[in-house]
Amino acid sequence: DEAAAAYRAALRLDPDHVHARFYLQAATGAAGAAAMPAALVAALFDGYADRFDAHVQNVLAYRMPALLRQAYADAGGSGPADILDLGCGTGLCGVAFADLARRLVGVDLSPVMVAKARQRGLYTELYAEDMLVTLRREAGAYDLVIAADVFVYVGDLEPVAAAARAALRPAGWFLFSTELGEGDVYRLRPSGRFAHGPGYLHSLATRHGLQMVQTQTVDLRLDSGRPVRGTFNVLRRNKD
């Protein structure tokens, strides 16, 4: 309540303050937000980049790249593959999948995170831009599209699912994680992150010609010392 009051005060001073409006929606549970504003995501991770790897791995117990790699293998996925890493950050998924990659492309909204990923020397191409721009650049170019801990900042997954299907080759793979929601909707939580219900993800797959091969509930990471429940999902484009 105190946070909501502060955001309302900020909006009285600056009615166009995008960040305050988004966090007010999160604090109050108001509907309407489809994604965290891109400028907010970029600023958040530009400031986080220098300590990101150590913090998420050693403090937050983040292990999604390894989980997605194992799920891909369990589903029968293999290399060599042309791979697109959405929200690549510093390149932790690149490390997990590099040995399978014929081509490894990364994209992130944060230029500083992209610079960190470039230092690994794993990616053939890196872009600091919206992931939809990268997905729409080349149709049928990828065998595998990955989004690890990215869709917690995106509620409405319709555009990205459509773009991912178009970017994939027939029988290509789409791997991603989400925070665990309820039912057939997505919701913005007070944390400022989105959660997606199982029904929402299954119907999303069906609408966009993607087969839900596997979904599993896991602990994504810690938040204030408590596990955050989520899912990792293995989808495959229909062969047409």
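Note that the structure is predicted; figures quoted are calculated from it, not measured.

Trainee: Break down unusual backbone geometry for me, citing the residues and quoting the values.
Mentor: Between Gly79 and Pro80 the backbone carries a cis peptide bond, its omega angle lying at 0°. Secondary-structure assignment places Pro80 in the loop between helix H5 (64-74) and strand S1 (81-86). Residues other than glycine seldom take positive phi values, yet Asp149 does so here, at roughly 60°. Take Asp149: it is sitting in the loop between strand S4 (142-147) and helix H9 (158-167). Although it is not a glycine, Ser224 sits at a positive phi angle of roughly 55°. Within the secondary structure, Ser224 sits in the loop between strand S8 (210-223) and strand S9 (226-237). Residue Ser224 is classed as exposed on the basis of its relative accessible area, which comes to 63%.

Trainee: Any chance you could break down the environment of Ala101 for me, citing the residues and the numbers?
Mentor: Summarising the element assignment, Ala101 is placed in strand S2 (residues 101-108). Remark: the alpha-carbon pair of Ala101 and Pro80, spanning 21 residues in sequence, is separated by 5.4 Å. Leave out the neighbours within four places in its chain, and Ala101 touches Ala81 and Ile83.

Trainee: Report on the packing of aromatic side chains, specifying residues and quantitative values.
Mentor: Taken as a whole and assessed by the stated rule, the structure comprises 14 aromatic pairs. Residues Phe45 and Tyr48 carry aromatic rings whose centres are separated by 5.9 Å and whose planes lie at 35° to one another, so their mutual orientation is tilted. Take Phe45 and Tyr48: they sit in the same class, and that class is buried. Plain terms: the ring middles of Tyr48 and Phe52 are 5.1 Å apart, the flat faces sit at 75° to each other, and that makes the pair edge-to-face. Look at Tyr48 and you get buried, because its relative accessible area is 15%. Feature note: the residues Tyr7, Phe22, Tyr23, Tyr186, Phe194 and Tyr200 constitute an aromatic cluster, connected by ring pairs. Sitting over the face of the ring of Tyr127, Arg137 holds its NZ or CZ atom 4.3 Å from the ring centroid.

Trainee: Hey, could you go over the pairing of strand S3 (residues 125-128) for me, with residue numbers and the actual values?
Mentor: Of the pairings in the sheet, the one linking S2 to S3 comprises 4 bridges and is parallel in character. From the neighbouring strand, Gly106 faces S3, where its bridge partner is Leu126. This β-α-β element, S2 to helix H7 (residues 111-118) to S3, shows right-handed connectivity.

Trainee: Lay out the pattern of salt bridges in plain terms, naming residues and giving numbers.
Mentor: Inspection of every chain in the model, using the stated rule, returns 17 salt bridges. Between Glu129 and Arg137 there is a salt bridge, with the nearest N and O atoms lying 2.9 Å from each other. Each of Asp149, Glu179, Arg189, Arg193, Arg221 and Asp223 takes part in salt bridges that share partners, so that together they form one network.

Criteria and thresholds
- Residues numbered from 1 in each chain as written.
- Predicted model: local features only at pLDDT ≥ 70, side-chain atom pairs only at ≥ 80, totals over all residues.
- Heavy atoms only, no water.
- Helix = DSSP H or I, 4+ residues; strand = E, 2+ residues; numbered from the N terminus.
- Buried < 20%, exposed > 50% of the residue type's maximum accessible area, 1.4 Å probe, protein only.
- Contact = heavy atoms within 4.5 Å.
- Phe/Tyr/Trp six-rings, centres within 6.5 Å; stacked < 30°, edge-to-face > 60°.
- Lys NZ or Arg CZ within 6 Å of the ring centre and 35° of its normal.
- Pairing = 2+ DSSP bridges.
- Right-handed = clockwise from strand over helix to strand, strands pointing away.
- Salt bridge = Lys/Arg side-chain N within 4 Å of Asp/Glu carboxyl O.

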